[in-house]
Amino acid sequence: LKRKLRAQKKPALLQVRLLPDDDPDAAAKPWALVSVPVASFLTNPAFAGSTATQAVTGTPVRILEKQGPFWRAQTPDGYIGWVHDRQIERLSTDELSQWNAASKIVAAANMTLVADAEGKALAPLPAAGMLRFVSTEEGGRIRAQLPDGRVGFVSANDVRLAEEDFLHWQQLREGPRDAFWEAFLRRAQTLTGTTYLWGGTSTAAVDCSGLVSVMWRIAGVIIGRDTDQQIAAGEPLSMTNPESIPAGVLISFGKKTPSGKTTVEHVGLSLGGGRFLHALGSVREESLIKESPLFSAYEYGRYLDAYAFDPTLRSAPCITTIQTNGFFQVPPRELVPCRKTQ
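Peer 1: Please clarify how the overall build of the chain should be interpreted in this entry.
Peer 2: A count of helical and extended segments in the chain gives eight helices and 25 strands. With the C-alpha coordinates of the chain rotated into their principal frame, the extents come out at 70 × 55 × 35 Å. Across the 342 residues in the chain, those meeting the buried criterion constitute 51%. Pairs at least 24 apart in sequence give 58% of the contacts found in the chain among residues at least 6 apart. Accessible surface, the chain: about 16800 Å² in total, of which carbon and sulfur atoms supply 51%.

Spelled out as structure tokens, the structure:
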């Protein structure tokens, strides 16, 4: 940039800061855990800023810099936004290492409740939210610790030991494709009716790419946050017949110019046979088949293509899992830049 400006004889003052090293507040404790059910990461350090993405309880994030009560932070999928100080619990590298090494539970239900010994609510816990496991109690309860140190109880029916849950989904992903997609899409359909929210990435509320992101996060996989990132991880199928779109692939919608250039604006999950699940107003099932009672003329008119996603991740080198993502390691480490090559 300096060379180009100099060549064009344009005077400019360029200031470069390396974060978090150049921010003393951030460098002291460069990590944090989401300590509320759903933390919003904003485009600006103000509550009036738009929500760029979200993260659920127990998600590790990398702290970059401070501005007022807000911290610029990075989520495990690489997204960067501003999160309020009261929505995270800041940690040193050693403290996050201890959390990552500890046994944890993960919410398997779309939403459950963490309560104290008397049954008083401490916090809701959305799907994929994680707590530190303490013990198994009588009465079908699990005793667990929240990221802020409080200890509560959750129903054993609503949670699983994190290692067992991740192994379960890993075995499904590496097994027969039909069995995996059946389990994956059956779980996705339990989100039907969930409210649409721009920037939403939890089972409390989602946008279109948030639905895809949440479902893969439940399955232990961390994919790109936005639609263009998600379809870039797949292989285009160039399918003109919607009825032939396989179950499990991503369906893109948007605009196409006369020259053939496309602009992707929306994404959904194929249920097979032209049916798909997507978030528009709410999470709903619709169809691209004109004879279907679920037919959506609007989505049919902007259908672009379908993209196959390999659940084994062998053809998706830029996708990580809970077991491989740097933020979940001991010690935690920065994300490694990745660019998919053809």
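Peer 1: Would you explain the packing of aromatic side chains in this entry?
Peer 2: In this description, a pair of aromatic rings is defined by centroid distance and the angle of the planes. The full count for this structure, using the stated rule, is 13 aromatic pairs. Arranged with centres 5.1 Å apart and planes meeting at 80°, the rings of Trp31 and Phe327 form a pair that is edge-to-face. With Trp31 in strand S1 (residues 31-34) and Phe327 in the segment after strand S25 (320-321), this residue pair connects regions lying 296 residues apart in the sequence. Here the two residues Trp31 and Phe327 agree in accessibility, since each one is buried. Measuring from ring centre to ring centre gives 5.3 Å for Phe47 and Phe70, while their planes differ by 70°; the resulting arrangement is edge-to-face. Pair noted here: Phe47 is in the loop between strand S2 (38-42) and strand S3 (51-56) and Phe70 is in strand S5 (residues 70-74), with a separation of 23 residues, a long-range link. Look at Phe47 and you get exposed, because its relative accessible area is 62%. Here a set of aromatic residues connected by ring pairs shows up, and it is made of Trp169, Phe180, Trp181, Phe184, Trp216 and Phe309. One Lys or Arg, Lys66, reaches over the ring of Trp71 and ends 5.6 Å from the middle of that ring. Looking at Arg90, its charged tip hangs above the ring of Trp71, at a distance of 4.0 Å from the centre.

Peer 1: What am I meant to see in the pattern of salt bridges here?
Peer 2: When the charged atoms of two side chains with opposite charge come close together, those side chains can pair. Evaluation of the coordinates by the stated rule reveals 13 salt bridges. One salt bridge connects Asp148 with Arg150, and the closest N-O pair in it is separated by 3.0 Å. Look at Asp148 and you get partly exposed, because its relative accessible area is 31%. On the basis of relative accessible area, Arg150 is assigned to the partly exposed category, the value being 35%. With a closest N to O distance of 3.6 Å, Glu182 and Arg186 form a salt bridge. Here the residue Glu182 and the residue Arg186 both occupy positions in helix H5 (residues 177-189), the gap between them amounting to four residues, near one helical turn. One salt-bridge network, held together by shared partners, links Arg17, Asp23, Glu65 and Arg72.

Rules used throughout
Residues numbered from 1 in each chain as written. Predicted model: local features only at pLDDT ≥ 70, side-chain atom pairs only at ≥ 80, totals over all residues. Heavy atoms only, no water. Helix = DSSP H or I, 4+ residues; strand = E, 2+ residues; numbered from the N terminus. Buried < 20%, exposed > 50% of the residue type's maximum accessible area, 1.4 Å probe, protein only. Contact = heavy atoms within 4.5 Å. Areas by Shrake-Rupley, 256 points an atom, 1.4 Å probe, with all protein chains shown as cover. Phe/Tyr/Trp six-rings, centres within 6.5 Å; stacked < 30°, edge-to-face > 60°. Lys NZ or Arg CZ within 6 Å of the ring centre and 35° of its normal. Salt bridge = Lys/Arg side-chain N within 4 Å of Asp/Glu carboxyl O.

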